[in-house]
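Results of the structural survey
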Number of protein chains: 2
Amino acid sequence: MNTNNGSVNELIDQLGRLPGVGRKSAERLAYHLLRVSKGEALALAKAIRDVRENVSYCSVCYNLAEGSLCEICRDPNRDTSKLCVVEQPRDLMALEQAGVYRGMYHVLLGRLAPLEGIGPDQLTIDPLVERVRRGNFSEIIMATNPNVEGDGSALYITNQLSEFPIEVTRLARGITTGSVLEHTNREILADALSGRQKI
Amino acid sequence: MNTNNGSVNELIDQLGRLPGVGRKSAERLAYHLLRVSKGEALALAKAIRDVRENVSYCSVCYNLAEGSLCEICRDPNRDTSKLCVVEQPRDLMALEQAGVYRGMYHVLLGRLAPLEGIGPDQLTIDPLVERVRRGNFSEIIMATNPNVEGDGSALYITNQLSEFPIEVTRLARGITTGSVLEHTNREILADALSGRQKI
C-alpha cells in the first residue's frame, strides 16, 4: 500500500474497522468514494458527523432519539399499557416494521453475557424495573433474541419483575411462515409442537 | 424506518449507496457507527473528507496523488524505460504489491466499453500516446483486465501506439499457481498451452 498516499491509506484503515469489511472491501469502498462526485462522498461524511452530533438515547426507553425523548415515547397515540423489552434499537425497528404492535418499548442496550463480562449493571435493567414500578403497565413482552443469551436475559428480567402483579410474556416460537417442514430442525419443531395454537 | 429519526435515516441512506452495501448492511453499519466511540465514528467522517480534499490524479500518469505528482512519478529510483498501462489506480496498487515491477505506470481511469458509452475520449489514452511520443520508453506493458473489455482496450491502445518503434507486451496468461488442473476451465488451459514457456 506504500504506493499510495496517506489520505487514501487512512480512509482504507478507517473503512476496514467497520464490521464485515475486510481489507479488500475497504480498498474497494475507498476507491468508490474517490470515484463518485465529491458531493456524494462528503454527504456520507456529513451523515456520520450529524448522527453522532444529534443522536443520543431516549431518556425513558433508551431508543435512539434526536431530543431527550424518542419518537415513540413522544407519540400520544401509543398504547401505554404494554411494554416490549428489546436488546437493541434495531430490534425495536424490526418490530415496528412488522406493524402489529402499538405499545411502548424498553431497550436494554445489550444482553446479559457473563462470559464477555456483561452483567445487569451494563444494561438498562434498573431503569426498566423503576419504570415498571412507577408505570401502569398491564403486560411486559420479552422480545430478546431467541438464543441462550437473549433467553437468559429475559429470564433474569422476569425474575426482577416478579414482585409486580403484571403479566410477562415472550414472543411466540414455532415454524416460520413460508418454511418447509421437512427442512425444519428439531428444536424449531419441538417449539412449534409445545406451543401449538388453537385454530 | 419511521420509528427513527432523520439523522439515522440519512446515514442509512448514505451507507446504502456504497457498492455491495444493501439496506440491511447499511442499517448494521449505521448502528455500528452509533455504538462505537464518538472519536472512532468521526475519524471515518474525517478520513472521507480528507481524501476528497487532498487527493487528485497525478498530472503525468493519472494515479492517485496528494500533490501534482504521485509517489511513483516522484520516485527517482524507478525504471523510466518501462511503462505499464492499467485500468484503475487499484490495479496499479495490486501490481505494486506483487513487488516485481519497478517501471512507470499509466492509469487509463477505465476501459473502453462501447455498450456503456465509454469511448477513447473518456479515458486517458490521448495523454498516454503523447507521453509515449515524448518519452523514451523501450517497452509498454498492457495490464488491463483479462476480459473482453480489457482486451479490447489493450488492442485499441496497441493500434494507437503502432507508429512508435516500441515493444508492446501484455501480462502472461495461464494456470494460476496453486490451482488444480482438473478443475481449470478450458479457456485457461488453452491460454496455458498456447503460451507455454521453456523451463
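Just so we're clear, the structure is a prediction, and the values are computed from it rather than from any experiment. (Residues numbered from 1 in each chain as written. Chains lettered and ligands numbered in written order. Predicted model: local features only at pLDDT ≥ 70, side-chain atom pairs only at ≥ 80, totals over all residues. Heavy atoms only, no water.)

**Observations regarding helix α3 (residues 38-54) of chain B**
To keep things clear, this is the line we draw: By the criteria applied, helices consist of DSSP H or I runs no shorter than four residues and strands consist of E runs no shorter than two, each listed in order from the N terminus. A helix's residues, less one, multiplied by 1.5 Å, set its expected span. A 1.4 Å probe rolled over the protein chains alone gives each residue an accessible area, and that area as a share of the maximum for its type sets the label: buried under 20%, exposed over 50%, partly exposed in between. Note on definitions: a residue-residue contact is assigned when non-hydrogen atoms from the two residues lie within 4.5 Å.
For α3(B), built from 17 residues, the straight-helix expectation of 24 Å at 1.5 Å per residue is met to within 8% by its first-to-last C-alpha distance of 24 Å. Of the residues making up α3(B), those classed as buried are Ala41(B), Leu42(B), Leu44(B), Ala45(B), Ala47(B), Ile48(B), Val51(B) and Arg52(B). Each element contacted by the buried residues of α3(B) is listed here: α1 (6-16), α2 (23-35) and α3 (38-54) of chain A together with α2 (23-35) of chain B.

**Focus: the environment of Leu128(A)**
All names here are of chain A. Turning to its location among the elements, Leu128 is positioned in helix α6 (residues 125-134). Relative accessible area serves as the criterion here: at 0%, Leu128 is assigned to the buried category. As for Leu128 and His106, which are separated by 22 residues in sequence, their C-alpha atoms are 7.0 Å apart. Residues within four places of Leu128 in sequence aside, it is in contact with Leu83, Val85, His106, Leu108 and Ile157.

**A look at the sheet that holds strand β5 (residues 139-142) of chain B**
Residues and elements named next belong to chain B. The criterion, for reference: Note on pairing: DSSP must find at least two bridges between two strands before they are called paired. Between N-to-C directions, angles span 0 to 180 degrees; the directions come from axes that are lines fitted to C-alpha atoms, helices contributing only their stretch in contact.
Pairing is parallel across the open sheet formed by 4 strands, whose spatial order is β4-β3-β5-β6. With one partner strand each, in any of the chains shown, β4 (103-107) and β6 (167-170) form the two edges of the open sheet. On average, each strand axis in the sheet is inclined to that of its neighbour by 25°, with strand direction left out of account. Inspection of the sheet shows β5 paired to β6 by 4 bridges, in the parallel sense. By the bridge assignment for β6, Met142 is matched with Arg170. Contacting β3 (79-86), β5 and β6, helix α7 (residues 148-160) crosses the sheet at an angle of about 160° to β5.

**Details of the relation of the copies chain B and chain A**
Going by this rule: Superposing the copies works by least squares over the C-alpha atoms of residues that have pLDDT at least 70 in both of them.
For the pair chain B and chain A, the best superposition has an RMSD of 0.0 Å and corresponds to a rotation of 180° with a translation of 0.0 Å parallel to the axis. The superposition of one copy onto the other is thereby described by a two-fold rotation axis. Closest approach to the rotation axis within chain B is made by the C-alpha atom of Ala45(B), at a distance of 2.1 Å. Interface residue correspondence from chain B to chain A reaches 100%, placing this contact among same-surface, isologous pairings.

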